[in-house]
Amino acid sequence: MSDPAQTATEEHLPAPHPGLSAAEVAERVARGEVNDVPVRSSRSTAEIVRANVFTRFNAIIGVLFLIILVVGPLQDGLFGFVIVANTAIGIVQELRAKKTLDSLAVIGEARPTVRRDGAPGEIPTSGIVLDDVIELGPGDKCVVDGRVLEAEGLEIDESLLTGEADPVVKQPGDPVMSGSFVVAGGGAFAATKVGRRAYAARLAEEASRFTLVHSELRTGISQILKYVTWMMLPTAVGLIASQWIVQDRDWREAVRRMVAGIVPMVPEGLVLLTSVAFAIGVIRLGRKQCLVQELPAIEGLARVDVVCLDKTGTLTEGGMDVSELRLLDGEAPSESESATAPEAAPEGEAPSHREAYVRHVLGALGKADPRPNASLQAIIDAYPSPDGGGPHWQCTASLPFSSARKYSGATLRSPDGDSGTWLLGAPDVLLPAGDPALAQVEDLNAQGLRVLLLARAAARTRGLDDPGITDGVRPAALVVLEQRLRPDAGETLRYFAEQDVSAKVISGDNAVSVGAVAAKLGLTGARGPVDARRLPPDREAMARVLEEGAVFGRVTPQQKRDMVGALQHRRHTVAMTGDGVNDVLALKDADIGVSMGSGSEATRAVAQIVLLNNSFATLPSVVAEGRRVIGNITRVATLFLTKTVYSVLLAILVVCCRVPYPFLPRHLTLLSTLTIGVPAFFLALAPNTERAQPHFVRRVMRYAVPAGAIAGLATFGAYLLARHYYTGPGSLDAETSAATLTLFLISLWVLAIIARPYTWWRIGLVLAMGAGFLVVLGTPWLQHFFALKLVGTTLPWAAVAIAAVAAGALELAWRWVGRRFPA
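Computed from a prediction, not measured in an experiment: that's the story for all the values here.

A count of helices and strands for the chain gives 29 helices and 21 strands. Counting the 823 residues in the chain, one finds 56% classified as buried. A total of about 34200 Å² of accessible surface is found on the chain, and carbon and sulfur atoms cover 59% of it.

Moving on: the pattern of salt bridges. Here the structure, examined in full by the defined rule, presents 26 salt bridges. Between Asp132 and Arg116 there is a salt bridge; the shortest N-O distance is 2.6 Å. Of this pair, Asp132 sits in the loop between strand S2 (119-122) and strand S3 (133-136) while Arg116 sits in strand S1 (residues 113-116), and the two are 16 residues apart along the sequence. If you follow the salt bridges from partner to partner, you end up with Asp428, Asp531, Arg533, Arg534 and Arg554 in one network.

Tracing the sequence through the fold places Ala566 in helix H20 (residues 557-569). Residue class for Ala566 comes out buried when judged on its relative accessible area of 0%. The spatial distance from the C-alpha of Ala566 to the C-alpha of Asp538 is 8.9 Å, given a sequence separation of 28 residues.

Once that is clear, we can look at the nonpolar core. By size, the foremost hydrophobic cluster in this structure holds 93 residues, and its most contacted members are Ile633, Val636 and Phe773. It is helix H23 (residues 619-657) that contributes the most residues to this core, 14 residues altogether. Among residues more than four places away in sequence, those in contact with Ile633 are Leu217, Ile221, Leu273, Thr274, Ala277 and Phe696. Core analysis: the second largest hydrophobic core is formed by 39 residues, Leu285, Leu301, Ala518 and Met596 among them.

Turning our eyes to something else, we now look at the pairing of strand S4 (residues 145-157). As judged from the 10 bridges shared by S4 and strand S7 (residues 181-193), these two strands associate in the antiparallel manner. Each bridged residue has a counterpart across the sheet, and for Glu150 the counterpart in S7 is Ala188. Across two bridges, the pairing between S4 and strand S6 (residues 175-176) is antiparallel. By the bridge assignment for S6, Gly146 is matched with Val176.

What follows deals with a nonpolar patch on the surface. A cluster of nonpolar side chains, contributed by Leu66, Leu69, Leu74 and Phe81, occupies part of the molecular surface with about 400 Å² of accessible area. Mapped onto the fold, Leu74 is located in the loop between helix H4 (56-71) and helix H5 (78-108).

Relative to the helices and strands, Gly363 resides in helix H13 (residues 353-368). For the pair Gly363 and Asp381, spaced 18 residues apart in the sequence, the C-alpha separation amounts to 9.0 Å. Here Gly363 is in contact with Tyr383, Pro384 and Ser385, once residues within four sequence places are set aside.

Moving on, we come to the environment of Ala617. Within the secondary structure, Ala617 sits in the loop between strand S21 (609-611) and H23. Sequence separation between Ala617 and Gly490 is 127 residues; the distance between their C-alpha atoms is 9.1 Å. Setting aside residues no more than four positions away along its own chain, Ala617 makes contact with Asp488 and Thr492.

Thr673 marks the point of greatest bend in helix H24 (residues 665-684), at about 50°. Most of H24 is tucked away: 15 of the 20 residues are buried.

So, about unusual backbone geometry. Cis rather than trans, the peptide bond between Arg756 and Pro757 has omega equal to -5°. If you trace the backbone, Pro757 turns up in the loop between helix H26 (731-754) and helix H27 (760-778). Even without being glycine, Asp117 reaches a positive phi, approximately 55°. With respect to the secondary-structure elements, Asp117 resides in the loop between S1 and S2. A residue is classified by how much of its surface remains accessible, and Asp117, at 51% relative accessible area, is exposed. Notably, Asp500 is not glycine yet its phi reads approximately 60°, a positive angle. Tracing the backbone shows Asp500 in the loop between helix H17 (489-498) and strand S16 (502-506).

This brings us to the packing of H26 against helix H29 (residues 794-820). At a minimum axis distance of 9 Å, the contact between H26 and H29 shows a crossing angle of 30°. Between H26 and H29, the angle falls in the class roughly parallel. Helix-helix and strand crossings are classified by hand; for H26 and H29 the assignment is right-handed. Residues Ala738, Leu741, Thr742, Leu745, Ile746, Trp749, Val750, Ile753 and Ile754 of H26 form the contact with H29, whose own contacting residues are Leu795, Pro796, Ala799, Val800, Ile802, Ala803, Ala806, Ala807, Leu810, Glu811 and Trp814. Grouping the constituent residues of the contact of H26 with H29 by class yields 18 nonpolar, one polar and one charged.

Summed over the entire model, instances satisfying the criterion amount to 10 aromatic pairs. Their ring planes at 55° and their centres at 6.5 Å tell us that Tyr357 and Trp422 sit as a pair that is tilted. Linking Tyr357 in helix H13 with Trp422 in strand S13 (residues 419-425), this pair joins segments that are 65 residues apart in sequence. Judged by relative accessible area, Tyr357 falls into the buried class, the value being 3%. Judged by relative accessible area, which is 2%, Trp422 ranks as buried. Between Phe681 and Phe682, the aromatic rings sit 6.3 Å apart at their centres with planes inclined by 90°, giving edge-to-face as the arrangement. Take Phe681: its relative accessible area is 27%, and that puts it in the partly exposed class. A network of ring pairs unites the aromatic residues Tyr495, Phe496 and Phe616 as a single cluster.

To continue, consider the pairing of S1. In the sheet, S1 pairs with S2 via four bridges, with the strands oriented antiparallel. Among the inter-strand pairings, Arg116 is bridged to a residue of S2, identified as Ala119. Linkage of S1 to S2, two consecutive antiparallel strands, is achieved through a turn of two residues, within which Asp117 is found at a positive phi near 55°.

Turning our attention to the packing of helix H25 (residues 696-725) against H29. Where H25 meets H29, the axes come as close as 10 Å, and the angle between the chain directions of the two elements is 160°. Relative to H29, H25 is oriented roughly antiparallel. Between H25 and H29 the crossing geometry is right-handed. When H25 is examined against H29, the residues Arg702, Tyr703, Pro706, Ala707, Ile710, Ala714, Ala718, Leu721, Ala722 and Tyr725 are found in contact with a partner set consisting of Thr794, Leu795, Ala798, Ile802, Ala806, Ala809, Leu810, Ala813, Trp814, Val817 and Gly818. In terms of residue class, the contact of H25 with H29 is made up of 18 nonpolar, two polar and one charged.

Moving on, we get to the sheet that holds strand S9 (residues 306-309). Strand pairing in a sheet takes place through backbone hydrogen bonds and is either antiparallel or parallel in direction. Judged by pairing direction, the sheet is mixed, and its eight strands sit side by side in the order S8-S21-S20-S19-S9-S16-S18-S17 without closing on themselves. The open sheet terminates on both sides in strands that have one partner only, identified here as strand S8 (290-292) and strand S17 (530-531). For S9 and S16, the ladder comprises four bridges, and the chain directions are parallel. Bridging from a neighbouring strand, Val307 pairs with Ala503 of S16.

Taken together, the buried positions of H17 are occupied by Ala489, Gly490, Thr492, Leu493, Tyr495 and Phe496. Contact partners of the buried residues in H17: S9, S16 and H23. Downstream of H17 by one or two residues, Asp500 has phi in the positive range, about 60°.

For the chain, per-residue confidence averages 81 on the pLDDT scale, and residues scoring 70 or more make up 88% of the total. Predicted confidence for residues 1-13 stays below pLDDT 50, and this span has 13 contacts to residues more than four positions away or in other chains. Contacts from residues 332-349, a stretch scored under 50 in pLDDT, to residues over four places away or in other chains number 25 contacts.

Here the focus is the side chain of Thr492. Checked against the element boundaries, Thr492 lands in helix H17. Residue classification places Thr492 among the buried positions, given a relative accessible area of 3%. If near-sequence neighbours (up to four positions away) are discounted, Thr492 is found in contact with Phe616, Ala617 and Pro620.

Analysis parameters
- Residues numbered from 1 in each chain as written.
- Predicted model: local features only at pLDDT ≥ 70, side-chain atom pairs only at ≥ 80, totals over all residues.
- Heavy atoms only, no water.
- Helix = DSSP H or I, 4+ residues; strand = E, 2+ residues; numbered from the N terminus.
- Buried < 20%, exposed > 50% of the residue type's maximum accessible area, 1.4 Å probe, protein only.
- Areas by Shrake-Rupley, 256 points an atom, 1.4 Å probe, with all protein chains shown as cover.
- Salt bridge = Lys/Arg side-chain N within 4 Å of Asp/Glu carboxyl O.
- Core = buried A, V, L, I, M, F, W, Y, C linked by side-chain atoms within 4.5 Å.
- Contact = heavy atoms within 4.5 Å.
- Pairing = 2+ DSSP bridges.
- Patch = residues over 30% accessible without salt bridge, like charges linked within 9 Å, V, L, I, M, F, W, Y side chains within 5 Å.
- Bend = angle between axes of the 7 residues up to and from the residue.
- Axes fitted to C-alpha atoms, helices over the stretch in contact; angles between N-to-C directions.
- Parallel < 35°, antiparallel > 145°, perpendicular 65-115°, else oblique.
- Left-handed = near helix turned anticlockwise from the far one by under 90°.
- Nonpolar A, V, L, I, M, F, W, Y, C, P; charged D, E, K, R; others polar.
- Phe/Tyr/Trp six-rings, centres within 6.5 Å; stacked < 30°, edge-to-face > 60°.
- pLDDT = per-residue confidence, 0-100.

This is the structure we're talking about:
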């Protein structure tokens, strides 16, 4: 039989809004009132094609290629076909990465709950229409603008849009901004602006999805290319002038020699290989269910030296189990309460009246929250509401859990008409310091258990949302929860320790409890947990404490953000992992944000990396992929820029000495293909576990400059020697062949140095490139095609000797630079 008081109350509650009917939805779709702004995880196909085709250096090479087509012959324009091939490879690889990203994005895409025809259901974000009724719960992101229809303790964080850190309590009729997210409570709102008319939605997407991760590789390569561009113009002018004079005003030959001097200055393949390496990294990680929402995030995580971990959902699994219920002396039920307490006990043993009553209260609290978190769900599972949530108990007011408050609550009316306000939350927040119950809590926390306090509020006149509601509470029981450790978390923490990456566990739970969990997983420094409520507010002082500690408990969402900022203030590169709404602000501010796929929609929106398999153990794979990209691009960049340096030096020496430029474009195309293009492609995609180092430009140029200088001087020396040795008709071809042999051998030695440490395939790669050059020298039609023919034996062996001396100088320079200019 139902309780009359409850029935009367329920009659006055407004009925939930049924939402639109199918006919109304169809009508709005026909009018185009649909949320048709796509959320893309990658660039569009047109953007990818544009980015790979319309580049500065493609334009330069394209102009030079057209010039060669005019002056001929065609074999001197081979470099143009190489550019076409490179561009095609870049487009294909990025399109493959896009396909992977887009398929993963669909898997991880949030599906808001929308009411239609009176029934809730999940639909894609793009399926929302104007006036749709969208339900909200903790962690849900508001995907369109709207107006609140229903609110049950609804608190929305608008900080990503307005900068206001405090959550805003929403009542029916209040506006909702797209891009904001729910931190507590629940409710529903009607969509008032959808698609491109929702300005706030576009603003939020730009702020969250397209905030560029800092990429030292991208910045460094752009800086290098800028300087190369400025060098090319005066060099071209000097070459065309000198070659026109030297070549007896044969302008066609002068132009060919000028193009030969300019083309090798362009490190065009460097940009291509960087894009390809990132794209293949995305594909590899995609196979492990890791969604990289921004390509440079792979590089960023490899450079991280501090990783901040949220305990719940990262070190522990989402679910929990109630292991014990401890009654306290602060609150005893009345005789009437005891009389109404149920007698059934879970294990067949009848509990005391008092314990049964407490279980009843816990069941009623669970029923009062329509969207329970993991802790409350464990309590609901252990102590379900009697009679399947029947009419015997009535909830007249409720307060959902908030990570800022650390507690939830409800005003309950028992079957005998007694009304009381009950709170459930962190014992050290609800109880005053020195309370006897806190000693028990500390002992339980030290075992790695999570403890919640059930207490009755003493002040009947205060509202649930009044912070003073916690004053003088009467403790009733401790609910002890056992957390499920992730089986792979310990191994992942050990990996970070081996890689000199400091792991900081930052949690809203009790510091001792968090420390015990971290200690079970073997985290260094877990035995000295820090209560974040005692952290100094000063950023510098906070950073010192953070650097010394490893475990921090009772951290508020704003403190997480402050802690990330403090570490960055000390020049740390910080990654933040999390899955709850309390992690969003810190994820947004961290250098790299990593979200679990099962996390809230808000965390997935602001994170650069989403682990769709919810496995913390995937992070080492991301770090390893980033290190592969950084290490390999640094290697191949040295090859490309060595070519740039010797090309500039040769051009300067030719202009100053007023001699014919020693090469035609076909010669340098052959050399670039064998000593840079083909081997660089393999080296860029090879395994590499080297620790990521900063200062990309300095690390590359410290080797490229001396190597390029040695190669340029030795080649020009061999060329001058050949000019002195060869005379008569056809001497220029013989001189060019000798210089080409010298430059090839030196460049091959640079490749051999870059390929270290040797493996069987690296040795095979270097030998194969040498064999390719021998094939050209030994095949008559290739000799003719590339205009290469060694004349006599004296000068060719002299060229080999000069190359050998240059190789020795390269080895000495390599070692000296390593000691003199350490990275």
